[in-house]
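What follows is each chain in one-letter form.
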Amino acid sequence: ANGITWTDAEADAITMGGHLASITSAAEDHFIYSLISSDTSLWAWEGGVTGTTGIGPWVGGYKQSSSWYWSDGSAFSYSNWAAGEPNNYGGTEDHIQFLSNTGSLMNDTWNDYPNSTPDAIHLGPNPHGFVVEVVPEANTTSLLLLGVGVLLISRFKRTISSC
């Protein structure tokens, strides 16, 4: 199937009580990648062709005009773009997803990607997963046990159908 758009993933994240994850440090980037690299169903080959480009999960980055932002309002002060990215290929790439352009399915680098594929330039699919960041209520025990943020991996919202 074609996966999920960034817009739908962010709407689902808000429904869960958070936003798509903002990544503000190398440590956070490595942690998120360690979670998403443990589940190959969150990744898809571009155009369905093995050995091409690996399309990974969405995170909360988006571009407005010529600047990048995080959907939760965090400062965009860290990035881990893949070589040659962001490049706004075709003029429609304004959201961030993990990408592997190394010939393997998974990698910890980022790519700018359109909200929805396939389109006239991009073969697709849309990413098959997304990373949600939920900040617990300050008065809960979970805050003490889990720290300030809890990162959850969420598969495509219609889990009954395959992506």
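A brief report on the enclosed structure follows. The structure presented is a predicted model; accordingly, all values stated were derived computationally and were not measured. (Residues numbered from 1 in each chain as written. Predicted model: local features only at pLDDT ≥ 70, side-chain atom pairs only at ≥ 80, totals over all residues. Heavy atoms only, no water.)

## Details of the layout of surface pockets
Alright, step 1. Considering only enclosed or pocket space, the largest pocket measures out at about 190 Å³ in volume.
Alright, step 2. Together, 14 residues line the largest pocket, and Glu46, Tyr89, Glu93, Asn111 and His122 are the ones closest to its centre.
Alright, step 3. Grouping the constituent residues of the lining of the largest pocket by class yields six nonpolar, five polar and three charged. (1 Å grid on protein atoms, 1.4 Å probe; cavity = no way out; pocket = protein on both sides within 12 Å on 5 of 7 lines; lining within 4 Å. Points joined across faces, edges and corners; volume = space filled by probe spheres on them. Nonpolar A, V, L, I, M, F, W, Y, C, P; charged D, E, K, R; others polar.)

## Observations concerning the packing of aromatic side chains
Alright, step 1. Throughout the structure, instances matching the rule amount to 12 aromatic pairs.
Alright, step 2. Between the aromatic rings of Tyr33 and Trp43, the centroid separation amounts to 6.5 Å while the plane-to-plane angle is 85 degrees, which identifies the pairing as edge-to-face. You can see Tyr33 sitting in helix α2 (residues 26-36) and its partner Trp43 sitting in the loop between α2 and β2 (44-45), a full 10 residues away along the chain. Side by side, Tyr33 and Trp43 carry an identical accessibility label, which is buried.
Alright, step 3. An angle of 85 degrees between the planes, with centres 5.7 Å apart, marks the rings of Trp70 and Trp110 as edge-to-face. Note that Trp70 is positioned in strand β4 (residues 67-70) and Trp110 in strand β6 (residues 109-113), a separation of 40 residues in sequence. (Phe/Tyr/Trp six-rings, centres within 6.5 Å; stacked < 30°, edge-to-face > 60°. Helix = DSSP H or I, 4+ residues; strand = E, 2+ residues; numbered from the N terminus. Buried < 20%, exposed > 50% of the residue type's maximum accessible area, 1.4 Å probe, protein only.)

## Examining the pairing of strand β3 (residues 54-64)
Alright, step 1. With eight of 11 residues buried, β3 is to be regarded as a mostly interior element.
Alright, step 2. Pairing of β2 with β3, which is carried by two bridges, proceeds in the antiparallel orientation. From the neighbouring strand, Ala44 faces β3, where its bridge partner is Ile55.
Alright, step 3. Pairing geometry for β3 and strand β5 (residues 95-100), over four bridges, is antiparallel. Residue pairing in the sheet places Trp58 in a bridge with Gln97 of β5.
Alright, step 4. Bridge count for β3 against β4 is four bridges, and the pairing is antiparallel. Within β4, the residue paired with Gln64 across the bridge is Ser67.
Alright, step 5. Turn length for the β3-β4 hairpin, with the two strands adjacent in sequence and antiparallel, is two residues, and the turn residue Ser65 shows positive phi of about 60 degrees. (Pairing = 2+ DSSP bridges.)

## Things to note about the pairing of β5
Alright, step 1. Within β5, six of the six residues are buried, leaving the element largely enclosed by the surrounding structure.
Alright, step 2. Relative to β6, β5 is paired through five bridges, and the arrangement is antiparallel. Each bridged residue has a counterpart across the sheet, and for Ile96 the counterpart in β6 is Asp112.

## Regarding the side chain of Thr53
Alright, step 1. By the secondary structure assignment, Thr53 is in the loop between β2 and β3.
Alright, step 2. Residues within four places of Thr53 in sequence aside, it is in contact with Ala44, Trp45, Glu46, Leu99 and Ser100. (Contact = heavy atoms within 4.5 Å.)

## Here's the deal with helix α1 (residues 6-15)
Every α-helical turn comprises 3.6 residues, leaving residues that sit three or four positions apart pointing alike.
Alright, step 1. Turning to α1, its buried residues number three or more, namely Trp6, Ala9, Glu10, Asp12 and Ala13. Burial along α1 is one-sided: seen end-on, the buried residues are contained in an arc of 160 degrees.
Alright, step 2. Of the residues flanking the end of α1, it is Gly17, one or two places downstream, whose phi is positive at about 95 degrees. (Arc of directions from axis to C-beta.)

## Some thoughts on the nonpolar core
Alright, step 1. Membership of the largest hydrophobic core comes to 18 residues, with the highest contact counts inside it found for Ile23, Ile36, Phe98 and Trp110.
Alright, step 2. Mapped onto this core, the elements with two or more residues apiece are α2, β4 and β5.
Alright, step 3. Among the elements that take part in this core, α2 stands out by supplying three residues, more than any other.
Alright, step 4. The next biggest cluster of nonpolar side chains, apart from the first, holds 11 residues, and it includes Trp6, Ala13, Ile55 and Val134. (Core = buried A, V, L, I, M, F, W, Y, C linked by side-chain atoms within 4.5 Å.)

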